[in-house]
Each structure stands twice: as structure tokens, then as C-alpha cells.
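In case you want the letters, here they are:
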Amino acid sequence: MDGIADSLRLGWDALLLKEDAYERMRVAAEPVGKGLVLIIVVGVIIALLGVIGTALEWASTPDLGEIQEVVFRYLTQMPWWQEALRADPAFAQNFQEIWDWNWSIWPTVSGAPSTWGCAAANIIIVPLKLIVYWVLYGILAYIFARWLGGTADFSQTLGVLALAVAPQMLNVLGFLPYLTLGSLVSIWSVLCAYMGLKVAHKLTWGEAIWATLLPFILVLAGVFVVACCGSLALAAAIG
Amino acid sequence: MGNLLNTLFRTVLLDDSAYLDWRESPNLFLRGILLILVVSLITSLVAFGRDLATFVKPADMVASEIEAGFDAALEAMQTFMFDMPFWSPDAVDRQEMEKAMEMARDSMQASREMAIQIAKIDAPLPRGISGFLQALGRWLSGALASVSGWIFYGVLVLIFANLLGGGAKLPNFLGMVSLYVVPSLLGLVGAFLGLWTSITFLGPILGLLAFVIGLVAFVWTIVVYVKAVSVATGLDTGKAVLAMIAPPIALFVLGLLIAFLWFIWIAILAGLS
């Protein structure tokens, strides 16, 4: 229990961009284990409070099934519906199929409250997602930091980058329905990663910025190249 | 608390010693976050009140507003289709127009009924509570968005300040420039005046006054930001101004570059196909 409290305290200091927190993590005996505990604890807390948020959002949102039914009923009373039926007798059935399909995806896309199943599954999915992102970003950031003259080893890098998960703690506000954090968590996480890489690898501010951003730039460049090759192949095929 | 408010007030008056006092405060970054949050919440109080009044409105009231809105739209459509002075009776096929109008009227009436029925569908929680939660969520989200904007812009300004020879630690710099938010408290006065713009005769004057107050708050905000950058990084005022205006210019140039590359790529693809 002390370990969890200690991890959360470290996470709070990291959130406030205190260099001391990153330094403590760098010199810790097991930075990876400590980081993993922090990520799991933060992930589980976010998911648990997310269940409350989902419940409140569900309770304050009108029944979407009822809305769907009302809209459909009135659509069929509009003049264009009768015109379409006269032109094509199969129109009603085709429309119904498209209508049902749209309503099966539209609520999720437009941010309607997720189901209880999704909210509960997040207790596993959220920490897992955070861990995968942490490890993948950690590998790339380590390579670039070392390339730029960094001195920390891989476990120290992973340790300080686990502190970049601290801004995820803001997601605990998810228990309030209709509250959106926007890009706040992402921006803050990048700052924490910058602080971690700068402190652990003893980089200058410029080197630390590059070490922080190069993993993102690499992924973006990869997506860009794939998109270019895809559009080129498509253009060649059409041409 | 009194000391803190006094320091903040003096920073707005561009008092050098107030900026130095603020710079020496412990936990400057945390202070900056709290300052941005509190001021953002205060300045958006009027908007919160307006949202609350909208979201907790009884279903019948919402339904009658929808009804009135649709009726006004129908009347406007009628005027547009039949009563425009520049349409001579020979220029339009009256019968066709009336048929089209009839169809549009039927569709709008069905839409009106549909909107009224939807407005009457209640959530499991009472409308007052769910409306309060919606307004609260929007109010807090706005304040958190201000924190994002402050951090994002602050980081970009610090990069340019460093490139221009200044220097400051990231959390201290962000805490320092958070002072820019204080003059925006004037926005609350502007927002309050904006509530009365529908009053005959006095309304336009209050609207103009609200605009002028908003403009003064905006300019003052920029001045405080420049001063804070200068104190935090040790740059002179000219370089501090440059560091502050450089991020939007850099982002604009980057956007242009990406658009240019995009057009070249489209041209290559068009050439191939």
C-alpha cells in the first residue's frame, strides 16, 4: 500500500513538472517496476471513476432508442417519403436497413454514453493501452535520446517516461458527465516526457525537445509515406 | 490571500516588483494552473448561467420555443417564395410554386412535431439535475481548455524565447506567463453588459461598450504577457514581443508549407491519372 501511495505522490510531483520527481525515478532501484505500478494504479482509478461517469451520463441522457423511433415515425409522414415509395416500392425496406445500420454506429461516433460492458472492460483495457503506449514510445524515445548523446539506460528511460502517464490522472474528472478534457492530457503528457528525457539523459533543452518529438514525427512520417504510396498506387490503377 | 490579490492587482498595473514577487513564489506552476482555472471559471460565469437556464428549461417551454421557431421559418419561406417584389407574376409558374410550397409546409410541420416530441423525451434523472450536469460539464470544460491553451502557447513562446537568447525553466516560465489571464476578468463585465443588448435604444450602446471593454482586456492581456515573458526569460521588451508573436507566424508558415506540398502531390497524382 505504501508503494502505491509513494507512486501516486511521485506522479503528482511529476505532474507539476518538478525535476526532483524525475531525478528520484532515475535513481530508483527498480524504475521499470515502479513505473509499471504507477501506470496500473492510474489506469484502474481512471476506469473505475469512468464507470460512475458513464452511469451519470446515461442517467442524464434521453433514451436514444425512443428518439430513433420518433424520428423514423415522423420521417414516414413526410411528403418525400410517399413520393419515394411511389417511385420504388422496395424503398421502405432499403431505407430501414440503412437506418438501422446508421443508428448502430452513430451514437458511439457522436459520443453517446458507452455501455456498461465497455465501462467495465475499461478497467482492463485502459491500463493495458497505457502500458503498450509507454513501452512503444519508450523504445523510440530511448533510441533517439541515446542518438542525441543521452546517458540513461533503457530501464531509467522507461522509469521516467512512466511519469508521463501522470497527466492521465486528470481523466479521473471523467466521473463528471459532459466534461471534456480535449487535448490537455496529451499536451501535458508530452511536457512530462520532455522533462523525463531531459533529466534522465542529461540533455540540453533543444536535444530533449527533439528526443521527445522525434518518435511522433517518425510515426507521422510513416503514416504520410503509406498514404502517399497508397494514393500513388490508386492513381496508377485508375490511370 | 490579501497579499496574493495585491500582487496580482499590481501585475496588471505592470509594477516590476509585483512580477518579481510572483516569480519568487513557491510552486509557481501550480499557482499558474489555479490562477488560469479560477479566472476562466469567473469570466465564464455569465455563460454558465445562460447554459443553466437553457438546459434546465421545462420540456413544454422548449417545445413551444421550437414551435415558434418553425412557424417563423415557415412564414419567412412563404414571403420568400410569393411576396418578393422583384418577381413579376409572369416570371413564375404560380401553380408549381404552390405545389412546392405545400410540400415544404408539410415537411416542416412534420419536422416541427418531431422536434417537439424529441424535446419531451425525458432522461432517467430529473431535467433540473441533468441540465445542471450539462451546464457544469460545459463550464468546467471551458476552463480546462484555457489551461491547454496556456500550456501549448506557453511552450511555443518559451522555445522562441530560448532561441532569442533568453532562458527559463519550463514550469517557472508557464507559472510566470499565467498572469496574462488576470486582465481578462474585465471580460466578465463585458459578458454581463452583453446580456442587455436586446433592450431598445440602450441595447446597441451596451453592446458597443461590451465590445470596447473586450478589446481593452485583449490588448491588456498581450501587454501583461509580454512583460511576463521579459521578466521570466531576461529578454528585453522587443525580443519578448518577438517571442510572443513568433508562434502563430511559425504555425502559419508551416501550414502554408504543408498545403504547398499537398498541392504538388495532388498535381503529380493528377498527372499520373
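About the cut-offs
- Residues numbered from 1 in each chain as written.
- Chains lettered and ligands numbered in written order.
- Predicted model: local features only at pLDDT ≥ 70, side-chain atom pairs only at ≥ 80, totals over all residues.
- Helix = DSSP H or I, 4+ residues; strand = E, 2+ residues; numbered from the N terminus.
- Rg over C-alpha atoms; globule rule 2.2 N^0.38 Å.
- Buried ≥ 20, exposed ≤ 12 C-beta atoms within 10 Å, placed from the backbone.
- Contact = placed C-beta atoms within 7 Å.
- Domains from an automatic or database assignment.
- Axes fitted to C-alpha atoms, helices over the stretch in contact; angles between N-to-C directions.
- Left-handed = near helix turned anticlockwise from the far one by under 90°.
- Nonpolar A, V, L, I, M, F, W, Y, C, P; charged D, E, K, R; others polar.
- Core = buried A, V, L, I, M, F, W, Y, C linked by C-beta atoms within 7 Å.
- pLDDT = per-residue confidence, 0-100.
- Expected span 1.5 Å × (residues − 1).
- Arc of directions from axis to C-beta.

Scanning chain A from N- to C-terminus turns up ten helices and zero strands. Beginning at the N terminus, the succession of helices and strands in chain A can be written as α-α-α-α-α-α-α-α-α-α. Against the compact-globule benchmark of 18 Å for 239 residues, chain A has a radius of gyration of 24 Å, which places it well outside the compact range. Seen along its three principal axes, the alpha-carbon backbone of chain A occupies a region of about 75 × 55 × 25 Å. When the 239 residues of chain A are sorted by exposure, 33% land in the buried category. In chain A, 78% of the contacts between residues at least 6 apart in sequence involve partners at least 24 apart.

Counting its secondary structure elements, chain B contains eleven helices and zero strands. Listed by position from the N terminus, the elements making up chain B come as α-α-α-α-α-α-α-α-α-α-α. The C-alpha radius of gyration computed for chain B amounts to 27 Å, which surpasses the reference 19 Å derived for 273 residues by more than 25%, pointing to a less compact arrangement than a globule. Overall, the C-alpha framework of chain B stretches about 75 × 60 × 45 Å when taken along its three principal axes. Sorting the 273 residues of chain B into buried and exposed places 26% on the buried side. In chain B, 77% of the contacts between residues at least 6 apart in sequence involve partners at least 24 apart.

This part takes up the domain arrangement of chain A. By the assigned domains, chain A splits into domain 1 (2-57 + 114-238) and domain 2 (62-109). The C-alpha centroid of domain 2 of chain A is placed 43 Å from the C-alpha centroid of domain 1 of chain A.

Facing the 37 residues of chain A at the interface are 38 residues of chain B. Contributions of two or more residues to the side of chain A that touches chain B are made by helix H3 (31-59), helix H4 (64-75), helix H5 (79-87), helix H9 (184-201) and helix H10 (205-238) of chain A. No other element matches H10(A), which puts seven residues into the side of chain A that touches chain B.

Turning to helix H8 (residues 170-177) of chain B, a few remarks are in order. Note: α-helices contain 3.6 residues per turn, so residues at a spacing of three or four share the same orientation. The element H8(B) is largely enclosed, with a buried count of six among its eight residues. Every buried residue belonging to H8(B) is among Leu170(B), Phe173(B), Leu174(B), Gly175(B), Met176(B) and Val177(B), and all of these are buried. Buried residues belonging to H8(B) abut H9 of chain A together with helix H2 (16-23), helix H3 (28-43), helix H7 (127-163) and helix H10 (202-233) of chain B.

What follows covers the packing of H7(B) against H8(B). For any two helices packed against each other, one specifies the crossing angle of their axes together with the interaxial distance. Residues and elements named next belong to chain B. Across the interface, H7 lies against H8 with an axial gap of 10 Å and an inter-helix angle of 115°. For the pair H7 and H8, the sense of crossing is right-handed. Contacts between H7 and H8 involve Ile151, Gly154 and Leu158 from the former and Leu170, Phe173, Leu174 and Val177 from the latter. Here the contact of H7 with H8 is composed, by residue class, of six nonpolar, one polar and no charged.

As a further point, take unusual backbone geometry. Backbone geometry at Leu17(A) places phi at a positive 60°, although glycine is not the residue there. Looking at the secondary structure, you find Leu17(A) in the loop between helix H1 (2-15) and helix H2 (19-27). One non-glycine residue, Asn27(B), lies in the positive phi region at around 50°. In this structure, Asn27(B) sits in the loop between H2 and H3.

Let us now look at the environment of Ala237(A). Structurally, Ala237(A) can be placed in helix H10. The exposure class of Ala237(A) is exposed, given the 8 C-beta atoms found within 10 Å.

Okay, the nonpolar core next. The biggest cluster of nonpolar side chains holds 83 residues, and the ones touching the most others in it are Leu163(A), Val177(B), Ala228(B) and Val229(B). Here Ala228(B) is in contact with Tyr19(B), Met176(B), Val177(B), Leu179(B) and Tyr180(B), once residues within four sequence places are set aside. If you look at the next biggest cluster of nonpolar residues, it comprises five residues, including Tyr74(A), Ala115(B), Ile116(B) and Ala119(B).

A word on the confidence of the model for chain B. With 94% of its residues at a pLDDT of at least 70, chain B reaches an overall mean of 85. Reported for the predicted complex are a pTM of 0.81 and an ipTM of 0.80.

All names here are of chain B. Taking 1.5 Å as the rise per residue, H3 with 16 residues should run 22 Å; its terminal C-alpha atoms sit 22 Å apart, in good agreement. Taken as a whole, H3 has its buried residues at Leu28, Phe29, Gly32, Leu35, Ile36, Val39, Ser40 and Thr43. Around the axis of H3, the buried residues are gathered within 120° of arc, so they sit on the same side.

What follows is about the packing of H9(A) against H7(B). Look at H9(A) against H7(B): their axes get within 9 Å of each other, and the N-to-C directions meet at 35°. Crossing handedness for the pair H9(A) and H7(B): left-handed. Taken together, the residues of H7(B) that come into contact with H9(A) (itself represented by Leu184(A), Ile187(A), Trp188(A) and Leu191(A)) are Leu144(B), Val147(B), Ser148(B), Ile151(B), Phe152(B) and Val155(B). Along the lines of polarity and charge, the residues of the contact of H9(A) with H7(B) split into nine nonpolar, one polar and no charged.

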